[in-house]
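Take a look at the letters that make up each chain.
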Amino acid sequence: MWRDLLPIGRDAASGGYRRYAWTGADADCRSWFRAQAESRGLTYETDRNGNQWAWLGDPTAGDAVVTGSHLDSVPDGGAFDGPLGVVSSFAALDELRARGAKPGRPLAIVNFGDEEGARFGLACVGSRLTAGQLTRDKAHALRDGDGVSLAHAMERAGYDPEAIGPDPERLARIGAFVELHVEQGRALADTPHPVGVASAIWPHGRWRFDFHGEANHAGTTRLDDRRDPMLTYANTVLAARKKARLAGALATFGKVAVEPNGVNAIASLVRGWLDSRAADEETLAAVVAEIEQAAVERGGRDGVDVRVTRESFTPVVEFAHDLRDELAKLLGGAPVLPTGAGHDAGILSGVIPTAMLFVRNPTGVSHSPAETATEDDCVAGVTALADVLEGLACR
């Protein structure tokens, strides 16, 4: 399975993956998922939001145990973020069958669409729509960098954008969702444990900072006469690092767009996207407010107008304690740890019991071609997931 999936959407120059929602690479990943489901005799379906499902047992029976993750990627992302969870889910089902386990509850594997949000700027679109956290109108309004709407992209890929929206009937048939994911960080790296259990997800969000200045000639405009938004942006990046460090939080400007984007032209507009995360919502709100204040104050000195728009926000997620504790018990006391990364399991936690397993990442690197996990740890993850599914669905 891993070898078949590995070349899909891989950039030859960077070695990273560019599996963006509703593109050719995404379609190839979806075809791979369907082939894996059908080769195992599972009931395959796509829901109204484009999420893929593979069922063992009656999908309508209720109290189902679901596992899975996503197959899309960030720009030049690694091979493990998302796909490890999907591949491991099919492998865990194979392991259950090899053990002769007989599920008393329906089992399903899911591939949630557009988890990373790399193309349209909003993460976890598939699960947000399903959980009712994203309306159809707001989803239709999402556009990529080329101005293509999500609705048009879905339609071009063969899906009906008018059908998207909340799916409470489907969620009501799910008793538990367990997502396996490569660890993003090094909490397990210096321990003897190849697999950990998630306790919570930090609150996090994305904010767009628009710095409006005045375009002018780089070679003839005196420094004192400039209204250069790049200066304000640069100062804001430094301020974000300082404010986050003082608060014990995280703040990252990882994407920027410049107009008119000429070497010999002073910019008229710099647009930067802030990703910020913290252990609690009060700290996160304070850090973002301090970054915005620093931007506005510097803009006042530079003659630059600063406007801030919150594009997405996910509150703190506490995974279901009873399910979390049951997983840790089934795995013989696996360590329980929080994460700063968002996941589909976090989105769904408000409507169904969810939990997560993390497979040890020896370097901690993620969202990069250098992302990795050892084969032994990946196999340990499959075994752990099979143990969890057997404990939840077969006893």
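Above: the structure in question.
Residues numbered from 1 in each chain as written. Predicted model: local features only at pLDDT ≥ 70, side-chain atom pairs only at ≥ 80, totals over all residues. Heavy atoms only, no water.

*Asks:* Tell me about the pairing of strand β6 (residues 195-201), and please be specific about residues and values.
*Replies:* With seven of seven residues buried, β6 is to be regarded as a mostly interior element. Relative to strand β15 (residues 354-359), β6 runs antiparallel, the two sharing three bridges. Bridge assignment links Val 197 to a residue of β15, and that residue is Leu 357. Here β6 runs beside strand β14 (residues 336-339); their pairing, made up of three bridges, is parallel. From the neighbouring strand, Val 197 faces β14, where its bridge partner is Val 336. Sheet topology note: the β6/strand β13 (residues 317-318) ladder contains two bridges and is antiparallel. When the bridges of β13 are listed, Ala 200 appears paired with Glu 318. (Buried < 20%, exposed > 50% of the residue type's maximum accessible area, 1.4 Å probe, protein only. Helix = DSSP H or I, 4+ residues; strand = E, 2+ residues; numbered from the N terminus. Pairing = 2+ DSSP bridges.)

*Asks:* Any chance you could break down helix α9 (residues 281-302) for me, citing the residues and the numbers?
*Replies:* In this model α9 runs 31 Å from its N-terminal to its C-terminal C-alpha over 22 residues, within 8% of the 32 Å that 1.5 Å per residue would give. Residues of α9 that are buried: Leu 284, Val 287, Val 288, Ile 291, Ala 294, Ala 295, Gly 299 and Asp 302. On an axial view of α9, the arc spanned by its buried residues comes to 135 degrees, and they lie on one face. Residues of α9 that are exposed and angled more than 90 degrees away from the buried face: Glu 282, Gly 300 and Arg 301. Its buried side turned inward, α9 meets β7 (204-212), α8 (229-247), β9 (250-259), β11 (269-277) and β12 (305-314). Capping the start of α9 is the job of one residue whose side-chain oxygen sits 3.2 Å from the backbone nitrogen of Glu 282: Asp 280. (Expected span 1.5 Å × (residues − 1). Arc of directions from axis to C-beta. Contact = heavy atoms within 4.5 Å. Polar contact = N/O pair within 3.5 Å; in protein donor to acceptor, adjacent residues only side chain to side chain.)

*Asks:* Lay out the sheet that holds β9 in plain terms, naming residues and giving numbers.
*Replies:* Ordered by their spatial adjacency, four strands build an open sheet running β9-β11-β7-β12, and the pairing between neighbours is antiparallel. If you trace the sheet from one side to the other, it starts and ends with β9 and β12, each paired once. Here the average twist between neighbouring strands, direction ignored, is 20 degrees. Judged from the nine bridges that link them, β7 and β12 form a sheet pairing that is antiparallel. From the neighbouring strand, Arg 208 faces β12, where its bridge partner is Thr 309. The sheet contacts of α8 involve β7, β9, β11 and β12, and relative to β9 the element is tilted by about 170 degrees. (Axes fitted to C-alpha atoms, helices over the stretch in contact; angles between N-to-C directions.)

*Asks:* Outline the pattern of salt bridges, listing residues and values.
*Replies:* This model, assessed by the stated rule, comprises 23 salt bridges. The closest approach of N and O atoms between Arg 136 and Glu 162, which form a salt bridge, is 3.7 Å. Here Glu 162 lies in the loop between α6 (150-156) and α7 (168-172) and Arg 136 lies in helix α5 (residues 136-141), a separation of 26 residues in the sequence. We classify Arg 136 as partly exposed; its relative accessible area is 35%. Accessibility expressed as a relative area gives 47% for Glu 162, which makes it partly exposed. Note that Asp 225 is salt-bridged to Arg 222, the shortest N-O span being 2.9 Å. Residue Asp 225 is classed as partly exposed on the basis of its relative accessible area of 41%. (Salt bridge = Lys/Arg side-chain N within 4 Å of Asp/Glu carboxyl O.)

*Asks:* Explain the nonpolar core to me, and be specific about the residues and the numbers.
*Replies:* Among the nonpolar cores identified, the biggest contains 50 residues, and Trp 32, Phe 33, Phe 90, Leu 327, Leu 331 and Leu 357 are the most heavily contacted of them. Counting only elements with at least two residues in this core, the list comes to α2 (24-39), α3 (83-99), β4 (107-111), β5 (174-182), β6, α10 (321-330), β15 and α12 (375-393). Here this core takes nine residues from α12, the largest share from any one element. Of all hydrophobic cores here, the second largest spans 25 residues; its members include Ala 64, Ile 201, Leu 337 and Met 356. (Core = buried A, V, L, I, M, F, W, Y, C linked by side-chain atoms within 4.5 Å.)

*Asks:* Please provide a residue-by-residue account of the state of the cysteines, values included.
*Replies:* For the coordinates displayed, the defined rule picks out zero disulfides. Considering cysteine sulfurs only, Cys 124 is the nearest to Cys 29, which forms no disulfide, with 17 Å between them. Residue Cys 29 is classed as buried on the basis of its relative accessible area of 1%. (Disulfide = S-S within 2.5 Å.)

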